[in-house]
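# Examination of the molecular architecture
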Amino acid sequence: MKRVLSILSSAVVFAALSTNVAIAGPGAAGHHDAEVAYGKPGDPKKPARIVQIRMGEGDGKMFFAPPIVEIKKGEQVRFKLINGGELDHELVIATLQENLKHAEEMKKNPDMEHDDPNAKRLAPKKTGDIVWHFTKAGEFDFSCLIPGHREAGMTGKIIVK
């Protein structure tokens, strides 16, 4: 009987931890190779258009530059991210609804780290890449979901035609 209870307890703990991990990630979290509304992870070995995005803060605001990126449906893009600011920043690609929902989760867990192909967090003065294949037309969001950053202006739009 003790063995059965021990196994059941382990199963409950595992299920609880699995649920938290699934909730924690933005967009394609938990489905690293799955296609979602805004596309799928790109193949770093294949050609990609380079799009540079700077992140930073100044004059009481936080920003992405440029705030709007236009992409052709079917195009693979390598986002070259540059954090020129004095604070950590991140870029998370998703639908607006997914990013708004994830922003609420980030308020509860502000130190949440992302390990997803559609997100990258950078320390000040650091650089990084996101390679993404935009397979569907539409308007999508990119935001910094560190609490307070989106509200301070760190949001942008990806238009896929």
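In case you missed it, the structure is sitting above this.
Scoring rules and cut-offs
- Residues numbered from 1 in each chain as written.
- Predicted model: local features only at pLDDT ≥ 70, side-chain atom pairs only at ≥ 80, totals over all residues.
- Heavy atoms only, no water.
- Helix = DSSP H or I, 4+ residues; strand = E, 2+ residues; numbered from the N terminus.
- Buried < 20%, exposed > 50% of the residue type's maximum accessible area, 1.4 Å probe, protein only.
- Contact = heavy atoms within 4.5 Å.
- Areas by Shrake-Rupley, 256 points an atom, 1.4 Å probe, with all protein chains shown as cover.
- Salt bridge = Lys/Arg side-chain N within 4 Å of Asp/Glu carboxyl O.
- Phe/Tyr/Trp six-rings, centres within 6.5 Å; stacked < 30°, edge-to-face > 60°.
- Pairing = 2+ DSSP bridges.
- Axes fitted to C-alpha atoms, helices over the stretch in contact; angles between N-to-C directions.
- Core = buried A, V, L, I, M, F, W, Y, C linked by side-chain atoms within 4.5 Å.

## So, the overall build of the protein
Each helix and strand in the protein was counted, giving two helices and ten strands. Reading the protein from its N terminus to its C terminus gives the helix and strand order α-β-β-β-β-β-β-α-β-β-β-β. With 161 residues in all, the protein has 40% of them scored as buried. Pairs at least 24 residues apart make up 77% of the contacts formed inside the protein by residues separated by at least 6 positions. Accessible surface, the protein as shown: approximately 9,200 Å² in total, 58% of it carbon and sulfur.

## Quick notes on the pattern of salt bridges
The tally for this structure, following the rule as stated, stands at eleven salt bridges. Across the pair Glu86 and Lys125 runs a salt bridge whose closest N-O atoms are separated by 3.1 Å. Placement of the pair is Glu86 in the loop between β5 (76-83) and β6 (89-94) and Lys125 in the loop between β7 (119-122) and β8 (127-133), with a sequence separation of 39 residues. Three or more residues joined by partner-sharing salt bridges are found here, namely Arg78, Lys80 and Asp129.

## Considering the packing of aromatic side chains
Here the structure, examined in full by the defined rule, presents four aromatic pairs. Between Tyr38 and Trp132 the ring centres are 5.5 Å apart and the planes differ by 25 degrees, which places this aromatic pair in the stacked class. Pair noted here: Tyr38 is in the loop between α1 (2-24) and β1 (40-41) and Trp132 is in strand β8, with a separation of 94 residues, a long-range link. Residue Tyr38 shares its accessibility class with Trp132, and that shared class is buried. Relative to Phe134, the ring of Phe79 lies with its centre 6.1 Å away and its plane at 80 degrees, an arrangement referred to as edge-to-face. Separated by 55 residues along the polypeptide, Phe79 in strand β5 and Phe134 in the loop between β8 and β9 (138-143) bring together distant segments of the chain. With respect to burial, Phe79 and Phe134 carry one shared label: buried.

## Focus: unusual backbone geometry
With an omega of 0 degrees, the peptide bond between Ala65 and Pro66 qualifies as cis. Summarising the element assignment, Pro66 is placed in the loop between β3 (61-65) and β4 (68-71). Even without glycine at this site, Asp59 takes up a positive phi of about 55 degrees. Notably, Lys125 is not glycine yet its phi reads approximately 65 degrees, a positive angle.

## Re the sheet that holds β9
Pairing within the open sheet is mixed, and its five strands lie in the order β4-β10-β9-β6-β7. Strands with a single pairing partner mark the edges of an open sheet, and in this sheet they are β4 and β7. Neighbour-to-neighbour, the strand axes of this sheet turn through a mean angle of 20 degrees, independent of strand direction. The pairing of β4 with strand β10 (residues 155-160) spans four bridges and is classified as parallel. Bridge assignment links Ile68 to a residue of β10, and that residue is Lys157. Helix α2 (residues 96-108) rests against β6, β7 and β9 of the sheet, and its axis sits at about 140 degrees to β6.

## Focus: the nonpolar core
Judged by nonpolar contacts, the single largest core of 26 residues is most densely connected at Ile53, Phe79 and Ile158. Going through the elements one at a time, β2 (49-58), β3, β4, β5, β6, β8, β9 and β10 are the ones with two or more residues in this core. Beyond its immediate chain neighbours, meaning those up to four positions away, Ile53 contacts Phe64, Ala65, Pro66, Val69, Phe79, Lys80, Leu81, Ile82, Leu91 and Phe142.

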